[in-house]
Amino acid sequence: MHKYCARPIICPLSNPTSKAEISAKKAYAWTSGQCIFASGSPFDPVTNNGQTYAPAQGNNMCVFPGVGLGAFLCGATKVRCCL
């Protein structure tokens, strides 16, 4: 992916972390730290070539963009399951 895109967006959304399509560690290593990484499960910080990255969780904004955008725009601090 990094061969064709300087800053690939990588979103492994499977849960739990052990089932993710790719780990944060591998994503940052394989892209020399150039990827934009957001996962469906929490990952610990990754250090690659002396740089530490804090992987983000982004599944609600990516998979449910209407709910994510609405929550962002109204400044919601919680999104309840009933939504």
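Please read all numbers here as calculations on a predicted model, not as lab measurements.

A.B. asks: Go over the overall build of the chain, please, and point to the residues and values.
C.D. replies: A tally of regular secondary structure across the chain gives three helices and five strands. Its C-alpha atoms give the chain principal-axis dimensions of about 40 × 25 × 20 Å. When the 83 residues of the chain are sorted by exposure, 29% land in the buried category. The long-range share in the chain, meaning contacts at least 24 apart out of those at least 6 apart in sequence, stands at 38%. Taken as a whole, the chain presents about 6000 Å² of accessible surface, with 59% of it coming from carbon and sulfur.

A.B. asks: With reference to specific residues and values, describe the sheet that holds strand E5 (residues 56-57).
C.D. replies: Two modes of strand pairing occur in sheets, parallel and antiparallel, and in both the strands are linked by backbone hydrogen bonds. What the three strands build is an open sheet, ordered E1-E2-E5; its pairing is parallel. The open sheet has two free edges, formed respectively by strand E1 (9-10) and E5, since each of these has just one partner strand. Taken together, the two bridges between strand E2 (residues 36-39) and E5 define a ladder with parallel strand orientation. Residue Ala 38 lies in a different strand from E5, and its bridge partner there is Ala 56.

A.B. asks: Go over the nonpolar core with me, naming the residues and quoting the values.
C.D. replies: One finds Ile 10, Ala 20, Ile 22, Ala 24, Ala 27, Tyr 28, Cys 35, Phe 37, Phe 43, Val 46 and Tyr 53 forming the largest nonpolar core, which totals eleven residues. Top contributing element to this core by residue count: helix H1 (residues 24-30), with three residues.

About the cut-offs
Residues numbered from 1 in each chain as written. Predicted model: local features only at pLDDT ≥ 70, side-chain atom pairs only at ≥ 80, totals over all residues. Heavy atoms only, no water. Helix = DSSP H or I, 4+ residues; strand = E, 2+ residues; numbered from the N terminus. Buried < 20%, exposed > 50% of the residue type's maximum accessible area, 1.4 Å probe, protein only. Contact = heavy atoms within 4.5 Å. Areas by Shrake-Rupley, 256 points an atom, 1.4 Å probe, with all protein chains shown as cover. Pairing = 2+ DSSP bridges. Core = buried A, V, L, I, M, F, W, Y, C linked by side-chain atoms within 4.5 Å.

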